Amino acid sequence: MREVVSDAVVSDAAATELVLFWQAAGPQRWFSKDAAFDAVFAERFRAVHFAAARQELAHWLGEAVSALALLLALDQYPRNSFRGTAHMFATDYLALHWARRAVDEGHDQRVAPALRSFFYLPFMHSETLADQQRCVALCEPLGGQTLHHAREHRDIIARFGRFPHRNAVLLRTSSAQEQAYLDAGGFAG
């Protein structure tokens, strides 16, 4: 029996609501594992995520803020709301598709610098080297930790062709080199 996720129509106001929520959370919560924050995020924006996954929010690409919300719904939401499951990565291809279009439209340049990297994270989360190289180029003007992480992700893809830390949850067999990398404390997501 298929679970009905939501019949709710997601209003365009939800885009602004999602971006304001994300801004208020701030960097201290964006990249940390916080079960309480994840639960609030999951509950509050579940309908938005699934509407975006069903491609019902493509029109959000029309403006920078709503384009950012679309990417947050497809790239960040599943990473917070479905930790430890394959669903964390289920909408990566959609996020990357919309990120390419948003960056080509220049939407990344129309948001605050602190939020700009969220246009680039779908490239960073890709297991394709060309996407990784584009991510590094996009992150160069931001510098700092953003650029450091972009280079780190690119180097992992250049070395393994995929992210070894995803293997278990995606039911992929790790090579001996990947397992040695993980056992030695390599990037674990």
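Below, the structure is looked at part by part. (Residues numbered from 1 in each chain as written. Predicted model: local features only at pLDDT ≥ 70, side-chain atom pairs only at ≥ 80, totals over all residues. Heavy atoms only, no water.)

**Brief notes about the overall build of the chain**
Right, so step 1: The number of helices and strands found in the chain is nine helices and zero strands.
Right, so step 2: Secondary structure elements of the chain occur, N-terminal to C-terminal, as α-α-α-α-α-α-α-α-α.
Right, so step 3: Against the compact-globule benchmark of 16 Å for 189 residues, the chain has a radius of gyration of 16 Å, which places it among compact chains.
Right, so step 4: When its C-alpha atoms are laid out on the principal axes, the chain stretches across 50 × 45 × 25 Å.
Right, so step 5: Counting over 189 residues, the chain shows a buried share of 48%.
Right, so step 6: Within the chain, contacts between residues at least 6 apart in sequence are counted, and of these 60% link residues at least 24 apart.
Right, so step 7: As presented, the chain carries roughly 9600 Å² of accessible surface, and 54% of it is formed by carbon and sulfur atoms.
Right, so step 8: Considering the chain, the positive charge centre built from 19 side chains and the negative charge centre built from 21 side chains are found 3 Å apart. (Helix = DSSP H or I, 4+ residues; strand = E, 2+ residues; numbered from the N terminus. Rg over C-alpha atoms; globule rule 2.2 N^0.38 Å. Buried < 20%, exposed > 50% of the residue type's maximum accessible area, 1.4 Å probe, protein only. Contact = heavy atoms within 4.5 Å. Areas by Shrake-Rupley, 256 points an atom, 1.4 Å probe, with all protein chains shown as cover. Lys, Arg positive; Asp, Glu negative; His and termini not counted. Charge placed at Lys NZ, Arg CZ, Asp CG, Glu CD.)

**A closer look at unusual backbone geometry**
Right, so step 1: We note that Q55 has phi near 65°; this positive angle belongs to a residue other than glycine.
Right, so step 2: Tracing the sequence through the fold places Q55 in the loop between helix 3 (35-53) and helix 4 (64-81).
Right, so step 3: Although it is not a glycine, L171 sits at a positive phi angle of roughly 60°.

**Quick look at the packing of helix 4 against helix 5 (residues 92-105)**
Right, so step 1: Where helix 4 meets helix 5, the axes come as close as 9 Å, and the angle between the chain directions of the two elements is 155°. Relative to helix 5, helix 4 is oriented roughly antiparallel. The two elements helix 4 and helix 5 cross, and the hand of that crossing is left-handed. Across the interface between the two elements, A67, L70, L71, L74, D75 and R79 of helix 4 pack against D92, L94, A95, W98, A99 and A102 of helix 5.
Right, so step 2: Considered class by class, the residues forming the contact of helix 4 with helix 5 number nine nonpolar, no polar and three charged. (Axes fitted to C-alpha atoms, helices over the stretch in contact; angles between N-to-C directions. Parallel < 35°, antiparallel > 145°, perpendicular 65-115°, else oblique. Left-handed = near helix turned anticlockwise from the far one by under 90°. Nonpolar A, V, L, I, M, F, W, Y, C, P; charged D, E, K, R; others polar.)

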